[in-house]
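Chains, contacts and geometry: an overview
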Number of protein chains: 4
Amino acid sequence: MALLVEKTSSGREYKVKDLTQADFGRLEIELAEVEMPGLMACRTEFGPSQPFKGAKITGSLHMTIQTAVLIETLTALGAEVRWCSCNIFSTQDHAASAIARDSAAVFAWKGETLQEYWWCTERALDWGPGGAEEEFAKSGKVPDPNSTDNAEFQIVLTIIRDGLKTDPKKYHKMKERLVGVSEETTTGVKRLYQMQIAGTLLFPAINVNDSVTKSKFDNLYGCRHSLPDGLMRATDVMIAGKVAVVAGYGDVGKGCAAALKQAGARVIVTEIDPICALQATMEGLQVLTLEDVVSDADIFVTTTGNKDIIMVDHMRKMKNNAIVCNIGHFDNEIDMLGLETYPGVKKITIKPQTDRWVFPETNTGIIVLAEGRLMNLGCATGHPSFVMSCSFTNQVIAQLELWKEKSTGKYEKKVYVLPKHLDEKVAALHLGKLGARLTKLTPSQAEYISVPAEGPYKPPNYRY
Amino acid sequence: MALLVEKTSSGREYKVKDLTQADFGRLEIELAEVEMPGLMACRTEFGPSQPFKGAKITGSLHMTIQTAVLIETLTALGAEVRWCSCNIFSTQDHAASAIARDSAAVFAWKGETLQEYWWCTERALDWGPGGAEEEFAKSGKVPDPNSTDNAEFQIVLTIIRDGLKTDPKKYHKMKERLVGVSEETTTGVKRLYQMQIAGTLLFPAINVNDSVTKSKFDNLYGCRHSLPDGLMRATDVMIAGKVAVVAGYGDVGKGCAAALKQAGARVIVTEIDPICALQATMEGLQVLTLEDVVSDADIFVTTTGNKDIIMVDHMRKMKNNAIVCNIGHFDNEIDMLGLETYPGVKKITIKPQTDRWVFPETNTGIIVLAEGRLMNLGCATGHPSFVMSCSFTNQVIAQLELWKEKSTGKYEKKVYVLPKHLDEKVAALHLGKLGARLTKLTPSQAEYISVPAEGPYKPPNYRY
Amino acid sequence: MALLVEKTSSGREYKVKDLTQADFGRLEIELAEVEMPGLMACRTEFGPSQPFKGAKITGSLHMTIQTAVLIETLTALGAEVRWCSCNIFSTQDHAASAIARDSAAVFAWKGETLQEYWWCTERALDWGPGGAEEEFAKSGKVPDPNSTDNAEFQIVLTIIRDGLKTDPKKYHKMKERLVGVSEETTTGVKRLYQMQIAGTLLFPAINVNDSVTKSKFDNLYGCRHSLPDGLMRATDVMIAGKVAVVAGYGDVGKGCAAALKQAGARVIVTEIDPICALQATMEGLQVLTLEDVVSDADIFVTTTGNKDIIMVDHMRKMKNNAIVCNIGHFDNEIDMLGLETYPGVKKITIKPQTDRWVFPETNTGIIVLAEGRLMNLGCATGHPSFVMSCSFTNQVIAQLELWKEKSTGKYEKKVYVLPKHLDEKVAALHLGKLGARLTKLTPSQAEYISVPAEGPYKPPNYRY
Amino acid sequence: MALLVEKTSSGREYKVKDLTQADFGRLEIELAEVEMPGLMACRTEFGPSQPFKGAKITGSLHMTIQTAVLIETLTALGAEVRWCSCNIFSTQDHAASAIARDSAAVFAWKGETLQEYWWCTERALDWGPGGAEEEFAKSGKVPDPNSTDNAEFQIVLTIIRDGLKTDPKKYHKMKERLVGVSEETTTGVKRLYQMQIAGTLLFPAINVNDSVTKSKFDNLYGCRHSLPDGLMRATDVMIAGKVAVVAGYGDVGKGCAAALKQAGARVIVTEIDPICALQATMEGLQVLTLEDVVSDADIFVTTTGNKDIIMVDHMRKMKNNAIVCNIGHFDNEIDMLGLETYPGVKKITIKPQTDRWVFPETNTGIIVLAEGRLMNLGCATGHPSFVMSCSFTNQVIAQLELWKEKSTGKYEKKVYVLPKHLDEKVAALHLGKLGARLTKLTPSQAEYISVPAEGPYKPPNYRY
């Protein structure tokens, strides 16, 4: 794909697979709106006052139908938006097309190369020249792509190097304009906290992941839905009767294990954390090490956010046509490099994002989904609209807060979570759609348990 | 699509969508073989003796990857095979292509018109001229398509009429050659028993549906898998939190209700049979009439095998974007005719097999899947290989029996079920793949419960 | 306990533990009546016409609160009733007392010895002298208790021998008066069919067990309820996290496995029947042999109706405090004789029906419930009223049928099942209590699926 | 029961129901020890160093078999212990007897009156005279029992008043000696935090409830076990098919709802908190208000920790024999006072802790368990040993910490939670018993996710 920015008739930039899919995308966006009451309520509540007037928002988040509803919520509130996906396989092309045509600058398509991916990211961050021009950089030193042997990181360094050659103040200017960041993944948030501790966080950040209505919904119920969806679309395999290994029993792992168990699989969990391990046992799941079961299981799912979970040496020992996939975070949960470089290994693509890798010694193969990247987005369409409405309503609220307080100093260069009453508000916005009716506290009940009658109802450390 | 029979280089007839998909089909067939131990065991056990030598087998059964493995099992045992699908949307084109290219005469593609469908059926039945020519028919009377107002039946009558004009003895000759039939659907079997009672059954039939390893597996566990699969692929809707109505609580309904409940829906069952209704209540499901819940539910699934379950008058009262689909039998479970002819109704195709129908009074719409036909085959890929291996191993055994006994008079023009020891054998062939280990009866235990140590283990009326 | 028959003030015979518990029994009987709509409907429908006028009914069935409601339904319909329990531990003494005081001749208490048990059975069968006296038996030969080494059978033979000494025509006369039998256990029915085949069945029998509303409800849902109930009352053990072995996956085993899985145990099934084994795998249960898991499991439950399932040699290898219990049929599912006679074994009674057996080699012990007899009746109170109402309504209907047709020759000396419309009626009588609402077939729907609009709705071989 | 302290031969004080039950208690304590690996590990690890030497520990906690194992763990570590129950119905008399005879000063029996309850509490707190005698109190003012109309609080004030009359410095001295408190209930902890905020907390407190291994285990999995246990023992009611209302969907409510759903009930949740309500919907549970369902449901369970949840006006509208029970906290969740004083209401005791209350207008009744107090302790035996081992190991660790640091000033007059590594340790101590095997982080993995390889593995706000 030639990496040239295209423009709509109104002059907005974009780069997508095929703009003719915009109509199809629009139809599915309209369906999703009915399923995303939180975002639609934001439009109703905040739209008239245009609180994002003047705000430029860059998003790096799977460019799906649900994200399209998020983007159009941001623009409905007055923002100007540029977007890229955060995964090379997660874009839904019809969603990207509809947004590119109608609403925002999108740079995303399903099946980007790593080069393309980082080009898209650059484009999404590129809001054009900032204010005054600045002096040349004092030192001519630029990043050296050869300083790493991680293929993806080499690409990043190359892009930074080349960008600095063109505009030595590029990232400095970018930072100057940056009001703040909202982040919704467990792994992303972990990095932000590390930067805060190291003193390298250059802007305020709101940790949306740790809203209850995000991590206890999207991570858990989203994956409970999308893991079997991805397995079915990619492989059509019967889950009932199979032995499935879920590596990690955090929120994502809990959702995956529940889905597999309910579908009739026998689920084995691997864990490092004794508390999560004990939770697994209480649900009737066996807790073992990967080594204990590597030759017996039919389906392997990584959910850890860590690296080096399933190594090529494990994969060699698996049963013929064992399925290996990742729904955790980066593709390094599975040792894709080890697999690709295994002497004599043969890769047979069944269909995009479904590959059979055959080992020379045994002539048996394993099925790897989405090249080790997030299988629910690579092989299916990610999480469904309703649960993403919870997550994304948190995002909108976080962005509104950052923008509103951009000059007040309320937020320092730290990581914040949203206050509990907003978390409860997000939940409340989603109850009506499901026909749920809340009970109201009487004043004397509220006093008895020492909470305001209108909430928040729980102490900060409550675990839900 | 021009209805012209094509031929392979070896001269075998076929008509499929796109023969270039054969390689893809072959890859998926190879994956499915690993998941279908019963069929592969038949190849091993019976292949060497070629028991189907000389047999001509016509199949009318969803032309999926799993059916491809069935067809190639039949050919591996010596049969010559012609095939069509039994549903206009259920063909997987890559499966049809691989079979057409490699193994058998196939006439099937996804999205046939009704005319095309019946043309395909004719082709699958057309084994060329039979033995001796016969005299002209005494009466010149042919079927009158105008004698019915059912659009599909008009097409059937037309084809019969036209066929009789060409060859007045066509169906007589067909019957003469017919050794027997094996049938695997609940509805199809019901028709065969009606014909037996009416004395119009012209050949022996084996009721494969009532093998335990068919109806208690394919119908139940197959639908438990493929209903959410179809819902997800067609609509991406979040099932958790929704109210779902399952019409009918037979084996299919039980599988559907289990899947929806496990995915987090609140399931309501409608039933006519008090026993099945009481079963539903014992699983915590509410049993109501459709009228009670038509305005409250989000998802409606018909599983009855009956007609007129969800009428247009019901659909008018549903919530905006309620999903309506059928996984029972014919498309008349849903009143598609009433919907299509509703004054002012508007059909918006989101994507193939996913249509939104908008009513003029309310301007709200409902989502109908697969045009009211089987949604698991129309919107997804049907049942997974493992459970189909159970069903299809029964089919192979039934066909072997019919062919072997074709001249012995063992089977009269009646409907038969397979003996229990064969049913148990089908199950046994599938246990190893799942790592299951059976216990063996000791002689004294066998004597104590009065069964042979090697089975069969249950009385005929045992319900499992 | 001195084996003397007592009499109420009205002269009705009985032998129970403690008549002062009658008030307590009456209160619980009244609660149970609300939960047993089928039996109460029989009283309403049939009570006025007194169809059992003149009928003498002997029952041998666990003398629980639920059975009390059955007995009083029989008496409400005009019968005279004598009753014993069919298990030495299953009587609820307050139930027996209330019935003895108020309604029928009862001979039952919790914790009978085997001698007492068979004495009670004799009393329940003893309706006093029949019509005309008969001549002396020609042969003086009586059963020899020494001809068997089964302790319980020795007692039976002794009682028969002694009875024949007193009245040589005793059983002949009994048979003469016997109109028929209705039997509700899987094992009991099996024996009746064996007698039918052997030509030794001396009376008509109705197989109530194979009513769907019995075997698919009582056996399945009853055990799903009463297995954990028995485990909890006997041992207070936490089921979550434990490894549980369920021997047998018939209806009883299915109910037990479901209960244990849902409570958070990891369940392993042992099976001889490949079909049932494959069903277990489809529910995510591991199928292994007892030998595979005997040292790893925490809870062992037999549900087979067979003998020699868990032998003392298995028990020796179990973990310390492994729980061993039977919910199948006779106490020979567990090798109690082997355990009791194991050299050096020590029995420590924790409380009645909960014994710890310590092996001398390891000084570790296992917990055996209800001395190997039905643990749900020995350690808890058996199945709950609602599901027993289904079973017992079948009993009442069967008894009514036998009595009504006693002189018509309708029933030969064979085993019969109730016709399906009565089975459906039993279900229908239980739906209202649960708020369920049935859908009605339209005439055209009924015609379409070829069933009467008012049922029966399924062919005889339908499995539910 | 005469309120006189008794003494063992060794002179230790006690007051229990019946010391002859001590042998039975000892047997069950020995069984429980096998199920409580955390407590037993504490004995092994800490016993030799006798860290509680000199410590006097008063416990107010349900005097069950599990608590007995806790008490004997404290004494095994060197403590001197006095104990009372914290609920008038929760004592298991055989447990109390065994402890009284063998290990500690116990004042507890099942079925205390409120007067007796507070007398027991006083005795447990009464460690005899402190060090130096103190001067008379300056003010003669004592609490006035007539200042409240809460019957129980009147009793408390009376006891305090009478105690002050005897020893005006009684509570002052008690406070002086008090090193700290560990508290394990949600409600108790809430009070401690209120005291901390109000500045009235007179000692350091460790909040054991908010250890993950307590609140996410005992509250959740404990209630999932003990709710059906209590229902079954009290009423023998069939749960399947019933409509059950669970008031509150916190950890306790989640456990209860799961248990009822799994047993086949249809569960409806009432909630004030939109987040918890949304969680319920995601599990397929309907969320309504009590008013919506009060006339339809069969079983009502309160789990809120709040008051006035089910009022007499609700109870009047319930179905005949609806079951009403509380597993939350105090008996004021159910309006027992309103019920008891309802004009013309009639109380029929079926058996202890199971009462039927009949309303005069309708002559229908409801079944109230444990007089509105905790039904799992009143009607069954509370939570099983294994999960209590988690809770109580936290207690032991908390007590060890308070005692060790009693003079170091580490703990101020605040509420503390245990550090996460101790929480993880508690979990780890329980994994071996269940056969679970943990995975170990490699150094590079630990670095990648920035945690120590040996834990703790999660940030403080992680919700599990």
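Cut-off values and rules
- Residues numbered from 1 in each chain as written.
- Chains lettered and ligands numbered in written order.
- Predicted model: local features only at pLDDT ≥ 70, side-chain atom pairs only at ≥ 80, totals over all residues.
- Heavy atoms only, no water.
- UniProt positions renumbered as here; feature names shortened; annotations may be inferred.
- Helix = DSSP H or I, 4+ residues; strand = E, 2+ residues; numbered from the N terminus.
- Axes fitted to C-alpha atoms, helices over the stretch in contact; angles between N-to-C directions.
- Parallel < 35°, antiparallel > 145°, perpendicular 65-115°, else oblique.
- Left-handed = near helix turned anticlockwise from the far one by under 90°.
- Contact = heavy atoms within 4.5 Å.
- Nonpolar A, V, L, I, M, F, W, Y, C, P; charged D, E, K, R; others polar.
- Least-squares fit on C-alpha atoms with pLDDT ≥ 70 in both.
- Buried area = accessible area lost by both parts, 1.4 Å probe.
- Polar contact = N/O pair within 3.5 Å; in protein donor to acceptor, adjacent residues only side chain to side chain.
- Salt bridge = Lys/Arg side-chain N within 4 Å of Asp/Glu carboxyl O.
- Expected span 1.5 Å × (residues − 1).
- Buried < 20%, exposed > 50% of the residue type's maximum accessible area, 1.4 Å probe, protein only.
- Pairing = 2+ DSSP bridges.
- Phe/Tyr/Trp six-rings, centres within 6.5 Å; stacked < 30°, edge-to-face > 60°.
- Lys NZ or Arg CZ within 6 Å of the ring centre and 35° of its normal.

In the annotation of an unreviewed UniProt entry, chain A is listed under the name Adenosylhomocysteinase and assigned to Stephania yunnanensis. What UniProt records for chain A under Pathway (unreviewed entry) is the sentence "Amino-acid biosynthesis; L-homocysteine biosynthesis; L-homocysteine from S-adenosyl-L-homocysteine: step 1/1." Looking at the Catalytic activity (unreviewed entry) heading of the UniProt record, one finds this comment for chain A: "S-adenosyl-L-homocysteine + H2O = L-homocysteine + adenosine".

Focus on the UniProt feature "domain: S-adenosyl-L-homocysteine hydrolase NAD binding" (unreviewed entry) in chain A
Summarizing the sequence annotation, UniProt attributes the feature "domain: S-adenosyl-L-homocysteine hydrolase NAD binding" (unreviewed entry) to residues 219–382 of chain A in the numbering used throughout. As annotated, residues 219–382 of chain A comprises 34% helix and 23% strand, and the C-alpha atoms at either end are separated by 11 Å.

Examining the packing of helix H18 (residues 420–431) of chain B against helix H12 (residues 274–282) of chain C
At their nearest, the axes of H18(B) and H12(C) sit 8 Å apart, and the two run at 45° to each other. Between H18(B) and H12(C), the interaxial angle falls into the category oblique. Along this stretch, H18(B) crosses H12(C), giving a crossing that reads as left-handed. On H12(C), the residues touching Asp423(B), Glu424(B), Ala427(B), Ala428(B), His430(B) and Leu431(B) of H18(B) are Pro274(C), Ile275(C), Ala277(C), Leu278(C) and Thr281(C). Looking at the contact of H18(B) with H12(C) residue by residue, the classes come out as 7 nonpolar, 2 polar and 2 charged.

Some details on the relation of the copies chain C and chain B
Each copy superposes on the other: chain C lies on chain B with an RMSD of 0.1 Å after a rotation of 180° and an axial shift of 0.0 Å. Look at the turn and shift together and you get a two-fold axis relating the two. For chain C, the minimum C-alpha distance to the rotation axis belongs to Arg463(C) and amounts to 2.2 Å. The share of interface residues of chain C whose copies in chain B are also at the interface is 100%, consistent with both copies meeting through the same surface.

Here's the deal with the interface of chain D and chain A
When the parts of a complex come together, some accessible area is lost, and that lost area is often used as the size of the interface. Contact with chain D, which involves 66 residues of that partner, is made by 66 residues of chain A. Together, the buried faces of chain D and chain A total about 6200 Å²; carbon and sulfur atoms form 57% of this surface. Together, Ile272(D), Tyr448(D) and Arg463(D) form the three largest contributors to the area buried by chain D at its contact with chain A, with a combined 14%. If you look at where chain D meets chain A, you find 29 residue pairs in polar contact (both at pLDDT 80 or more). Elements with a minimum of two residues in the side of chain D that touches chain A: helix H8 (186–198), helix H9 (212–215), helix H10 (218–235), helix H11 (251–262), helix H12 (274–282), helix H17 (385–404), helix H18 (420–431) and helix H19 (443–448) of chain D. The dominant element in the side of chain D that touches chain A, judged by the number of residues it contributes, is H12(D), at 8 residues.

Topic: the interface of chain C and chain B
Listed per partner, the contact involves 66 residues of chain C and 66 residues of chain B. Around 6300 Å² of area is buried between chain C and chain B when both sides are counted, 57% of it from carbon and sulfur atoms. On the chain C side of the interface with chain B, the three residues burying the most area are Ile272(C), Tyr448(C) and Arg463(C), jointly 14% of the side's total. Inspection of the chain C/chain B interface yields 6 salt bridges. The residue Glu283(B) makes a salt bridge to Arg224(C) at a minimum N-O spacing of 3.3 Å. On inspection of chain C and its partner chain B, the count reaches 28 residue pairs in polar contact (both at pLDDT 80 or more). Of all elements in the fold, only helix H8 (186–198), helix H9 (212–215), helix H10 (218–235), helix H11 (251–262), H12, helix H17 (385–404), helix H18 (420–431) and helix H19 (443–448) of chain C reach the threshold of two or more residues within the side of chain C that touches chain B. Per element, the largest residue contribution to the side of chain C that touches chain B is 8 residues, and it comes from H12(C).

Remarks on the relation of the copies chain D and chain A
Least-squares fitting of chain D to chain A yields an RMSD of 0.1 Å, with the superposition described by an axial translation of 0.1 Å and a rotation of 180°. Both copies share a contact surface, since 100% of the interface residues of chain D are interface residues in chain A too.

Description of the side chain of Glu401(A)
For Glu401(A), the position within the fold is in helix H17 (residues 385–404). Setting aside its immediate chain neighbours within four residues, Glu401(A) contacts Ile206(A), Lys410(A) and Tyr411(A).

What about helix H5 (residues 114–125) of chain D?
Since the α-helix advances by 3.6 residues per turn, residues separated by three or four positions end up pointing in the same direction. Residues and elements named next belong to chain D. Counted at 1.5 Å a residue, the expected span for H5 with its 12 residues is 16 Å, and the 17 Å between its end C-alpha atoms agrees. Here H5 lies mainly inside the structure; 9 of its 12 residues are buried. Taken as a whole, H5 has its buried residues at Leu 114, Glu 116, Tyr 117, Trp 119, Cys 120, Thr 121, Glu 122, Arg 123 and Ala 124. Buried residues along H5 sit against strand E3 (56–60), strand E4 (80–84), strand E5 (105–107), helix H6 (151–166) and helix H7 (170–177).

Quick notes on the pairing of strand E13 (residues 346–351) of chain D
Residue and element names in this part refer to chain D. Bridging between E13 and strand E14 (residues 354–358) involves 5 bridges; their strand directions are antiparallel. Residue pairing in the sheet places Lys 347 in a bridge with Trp 357 of E14. Hairpin connection between E13 and E14: a loop of 2 residues separates the two successive antiparallel strands, and Gln 353 in this loop has a positive phi of roughly 70°.

Focus: the packing of helix H5 (residues 114–125) of chain C against helix H6 (residues 151–166) of chain C
Helix-helix packing: each pair is described by the crossing angle between the helix axes and the interaxial distance. All names here are of chain C. Look at H5 against H6: their axes get within 10 Å of each other, and the N-to-C directions meet at 40°. One way to sum up the angle between H5 and H6 is to call them oblique. As H5 packs across H6, the resulting crossing turns out to be right-handed. The segment H5 lies against H6, with Leu 114, Gln 115, Tyr 117, Trp 118, Trp 119 and Glu 122 engaging Glu 152, Ile 155, Val 156 and Ile 159. Its residues assigned to classes, the contact of H5 with H6 shows 7 nonpolar, 1 polar and 2 charged.

Side note on the pattern of salt bridges
Overall, the coordinates contain 131 salt bridges over all chains when judged by the stated rule. Here the salt bridges share partners, and the residues they tie into one network are Asp23(A), Arg26(A), Glu72(A), Arg101(A) and Asp102(A).

Observations regarding H6(D)
Residue and element names in this part refer to chain D. In this model H6 runs 23 Å from its N-terminal to its C-terminal C-alpha over 16 residues, within 8% of the 22 Å that 1.5 Å per residue would give. Against the buried residues of H6 lie H5 and H7. N-capping of H6 is provided by Asn 150, with a side-chain oxygen placed 2.8 Å from the backbone N of Glu 152.

Regarding the environment of Glu13(A)
Residue and element names in this part refer to chain A. Following the sequence through the fold, Glu 13 ends up in strand E2 (residues 13–14). Taking the C-alpha atoms as reference points, Glu 13 and Lys 406, 393 residues apart in sequence, are found 27 Å from one another. Not counting residues within four places of it along the chain, the set of residues in contact with Glu 13 comprises Val 5, Glu 6, Lys 7, Arg 82, Ala 104, Ala 105, Val 106 and Phe 107. Looking at Glu 13, its side chain comes within polar contact range of the side chain of Arg 82, at 2.6 Å.

Section: the packing of aromatic side chains
Tallying each qualifying case throughout the model produces 24 aromatic pairs over all chains. On the basis of an interplanar angle of 90° and a centroid distance of 5.2 Å, the ring pair of Tyr342(B) and Phe359(B) is categorised as edge-to-face. Taken together, the positions of Tyr342(B) in the loop between helix H15 (336–340) and strand E13 (346–351) and Phe359(B) in the loop between strand E14 (354–358) and strand E15 (365–369) put the pair 17 residues apart, joining distant regions of the chain. Neither residue differs from the other here; Tyr342(B) and Phe359(B) are each classed as buried. Positioned above the aromatic ring of Trp403(A), the side-chain terminus of Lys406(A) is 4.0 Å from the ring centre. Above the face of the Tyr448(A) ring, Arg191(D) is positioned so that its terminal group lies 5.2 Å from the ring centre.

Digging into the sheet that holds strand E5 (residues 105–107) of chain C
All names here are of chain C. Taken in spatial order, the 3 strands make up an open sheet running E3-E4-E5, and their pairing is parallel. Looking along the sheet, the strands with just one partner apiece sit at the ends: strand E3 (56–60) and E5. Going from strand to strand, the sheet's axes swing by 10° on average, the running direction of each strand aside. Note that strand E4 (residues 80–84) and E5 share 3 bridges and pair parallel. Within E5, the position partnered with Cys 84 by the bridge is Phe 107. Together, E3 and E4 form the strand contacts of helix H3 (residues 65–76), whose direction differs from that of E4 by roughly 160°. H5 contacts E3, E4 and E5 of the sheet and is inclined by roughly 170° relative to E4.

Description of unusual backbone geometry
Cis geometry marks the peptide bond from Gly455(B) to Pro456(B); its omega dihedral reads 0°. Mapped onto the fold, Pro456(B) is located in the segment after helix H19 (443–448). Unlike most non-glycine residues, Asn321(A) shows phi in positive territory, near 65°. Relative to the helices and strands, Asn321(A) resides in the loop between helix H14 (312–316) and strand E12 (322–326). Exposure remark for Asn321(A): the relative accessible area of 14% places this residue in the buried category.

Quick look at the sheet that holds strand E4 (residues 80–84) of chain A
Strand pairing in a sheet relies on backbone hydrogen bonds, with the paired strands running either antiparallel or parallel. All names here are of chain A. Pairing in this open sheet of 3 strands is parallel, and the strands run E3-E4-E5 from one edge to the other. Two strands bound the open sheet, and with one partner strand each, they are strand E3 (56–60) and strand E5 (105–107). Shown here is a sheet whose adjacent strand axes are inclined to one another by a mean of 10°, direction ignored. Note: E3 against E4, 5 bridges, orientation parallel. The residue bridging Thr 58 from the neighbouring strand is Arg 82, located in E4.

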